[in-house]
Amino acid sequence: LRSAEGQARVEIDASEDITALRNKIAKTLNLQEETLVISADDQGTRIIQVPPGAPVGDLGLRHGDILYIAFKRAEVREGDLQKSPAHLAASVKQDAIDDLLEKQDGTIKRGRDPTFCKHGASGMCEYCIPLQPWDAKHLDENKIKHMSFHAYIRQLADKNKTAPITSSQYLPPLDEADLKVKIPCPGTGHDSWPAGICTKCQPGAVILQRQNFRMVDHIEFETAGMIENFLKYWRSTGIQRFGYLYGRYEPYSEVPLGVKAVVSAIYEPPQDGSYDGLQLAIPNDDEGAVDKMANQLDLVKVGMIYTDLTDDGTGKGTVLYKRHGDSYFLSSAECIFAAEAQHKYPVATKWSATGKFGSRFVTCVMSGTAEGGIDISSFQVSNTAMAMTRDDVIEASVEPSLMRVKQLTNEHYVPEVFYKYKNNYGIMVQDAARPTFPVEYLLVTVTHGFPQTPSPLFTSANPFPIENRVGIESQSMSILGRHLNKGKLTDSLSDFHALLYLAGVGILDQTSVDLAIQVAKTHGEDFAIQLAHSDSWQTLMMIAKESGPVASLPSGSIGGGADSSTARGGNAAPWACRFCTFSNKAGAGSCEMCGLPNE
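Residues numbered from 1 in each chain as written. Predicted model: local features only at pLDDT ≥ 70, side-chain atom pairs only at ≥ 80, totals over all residues. Heavy atoms only, no water.

Draft legend 1. Fine view of the sheet that holds strand 9 (residues 242–252). Here we have seven strands rolled up into a closed barrel, ordered 8-10-9-13-16-17-23, and mixed in their pairing. Strand-to-strand, the axes of this sheet are offset by a mean angle of 35 degrees, without reference to chain direction. Of the strand pairs in this sheet, strand 9 and strand 10 (residues 258–267) are connected by nine bridges, and their pairing is antiparallel. Within the sheet, the bridge partner assigned to E250 lies in strand 10 and is K260. In the packing of helix 9 (residues 332–344) onto the sheet, contacts are made with strand 9, strand 13 (300–308), strand 16 (362–368), strand 17 (374–381) and strand 23 (443–449), and the angle to strand 17 comes to roughly 60 degrees. (Pairing = 2+ DSSP bridges. Helix = DSSP H or I, 4+ residues; strand = E, 2+ residues; numbered from the N terminus. Axes fitted to C-alpha atoms, helices over the stretch in contact; angles between N-to-C directions. Contact = heavy atoms within 4.5 Å.)

Draft legend 2. Geometry of the pattern of salt bridges. On inspection of all chains with the given rule, the structure shows 24 salt bridges. Taking the shortest distance from any N to any O, the salt bridge between R434 and E416 comes out at 3.5 Å. With R434 in the loop between strand 21 (428–432) and strand 22 (436–438) and E416 in the loop between strand 19 (402–405) and strand 20 (417–422), this residue pair connects regions lying 18 residues apart in the sequence. Exposure remark for R434: the relative accessible area of 64% places this residue in the exposed category. Judged by its relative accessible area of 38%, E416 falls in the partly exposed class. Here the salt bridges do not stand alone but share partners, grouping K232, R241, E268, R469 and E473 into one network. (Salt bridge = Lys/Arg side-chain N within 4 Å of Asp/Glu carboxyl O. Buried < 20%, exposed > 50% of the residue type's maximum accessible area, 1.4 Å probe, protein only.)

Draft legend 3. Molecular detail of the nonpolar core. Formed by 71 residues in total, the largest nonpolar core has its most connected members in L208, M388, V417, F437, L493, F496 and W537. Excluding anything up to four places from it in sequence, V417 contacts V206, L208, M388, V393, V405, D431, A432, A433 and F437. Listed in part, the 25 residues of the second largest apolar core include L101, F221, I266 and M366. (Core = buried A, V, L, I, M, F, W, Y, C linked by side-chain atoms within 4.5 Å.)

Draft legend 4. Looking closely at the environment of A163. Mapped onto the elements, A163 comes out in the loop between helix 6 (149–160) and strand 6 (206–208). Linking A163 and P173, residues ten residues apart in sequence, is a C-alpha distance of 9.9 Å.

Draft legend 5. Structural view of helix 10 (residues 383–390). A large share of helix 10 lies buried, amounting to six of its eight residues. D392 sits one or two residues past helix 10 and shows a positive phi near 60 degrees.

Draft legend 6. Representation of helix 8 (residues 287–296) in the model. Listed in full, the buried residues belonging to helix 8 are V290, M293 and A294. Take helix 8 and look down its axis: the buried residues cluster within an arc of 100 degrees, on one side only. Contacts from the buried residues of helix 8 go to strand 9, strand 10, helix 13 (496–505) and helix 14 (510–522). Among the residues trailing helix 8, D298 stands out with phi positive, at a value near 65 degrees. (Arc of directions from axis to C-beta.)

Encoded structure:
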């Protein structure tokens, strides 16, 4: 068979019906049977028209004969228009940060060069014209190792002369790699793999190279105390610790069209740690509730962090330097773990044919430095690593610095993998990954830091005990009561872990939980008063009081239920709160139940 869709081959018995031949041709070429026009010559002058029911043998065909197939193009239907790239792009809901960066000019402004610019103040020349955000020289001069994701999109759109998204000629510049054999084959009519394979169903070879862009350019921790609190577990036990990072995305001015992840809280899921590793309890039944709480606080899961620390035994508080250029930065097993995590949180983008591309999920590792100190290293794995993990091409190796390519079998097709490197003579050569290659080809480094003027979302001066720290810290109603009585309610509730515990105990109704979240977000006294008046909050405070002793500390504002003898000089006799009618002890300046002052 020869057609505009390509060449193919069919086998049919001479006794079979002509309709069977037409159906086989239609199936092989992936066409509609009623649109076929079969001819014995390439000019279409010897059209084969045989009434249904006639055997194929009556056509006089022999083994090896060629038939020429023409077909009528189907009319474009409304449903097909809705599947066009422009329509699909319009239906994608991007993150707010992507919509914001798309509206920005993105070019790199340059001032007038006093040496080379000969024009006036309002003129412009090649020495002062703004640079594109992907300009290689600018990135190199400013030691920016990877261009930003939005700079990469604009570079591709400029290179491919991509039409505007609203145009019917729009073709998305981004496409996710597919490393699986296409079954059935979209082209010819051979049997599906492993019985047969061709260039139309066979995935191309993977040429590994360092990714020149990154989905997120910087990760910023709102306070250093957040990291110290996370590290406290290892300092107390010597056991490794894992946590998920919750935060938000903001523009990053240090990189053209850059994005930074701002971390507001670290949630530590159930885990079983040891001195040289840890195991996560998967699935985590509380994960949905934690994500819901984060969403109400306008936070999303931006990454994960874990420790890999070993005391060096000197007694000076220093640790071993294990991760460096001569060993590894992320092991092969960690790369696969990071790729699987990134797959769960793809970036929605209208610039991709699938509506998604890559991920902004970051992996942070706390490990030793050359001086024996502790520092954070932040990474992502490349989009190629994500595709190779998704399509089961790679697996972890016993050597942490090497990734292993899986074996090709009859049940599982694995494409060829190649990588380039400089040999002993300084010449760039290409080699096949048989069976391993260095994990560095899959890594994308991400910078990290802390703000110069911290403005954290959670401001509680007395951190609430962190969840799932069995044997080290515990959470209970009595501890919650003491926490709420250590200051203003607006300060005590400004703690991610306290909010999680409040929502999880099941005493507060949803309205009170929402009010507590608003108190944490806005530090608003009005929300605090509404919360203190709610029935479920008063029930919570009563249970907290009955669960154990509650420390009494002075409070100059709305408290969670603390005794205070400083407000209005105290009372000489027991008194009933006019807000909740609770009977308070003599000398109490504010109500033990609702925390409102004695007036």
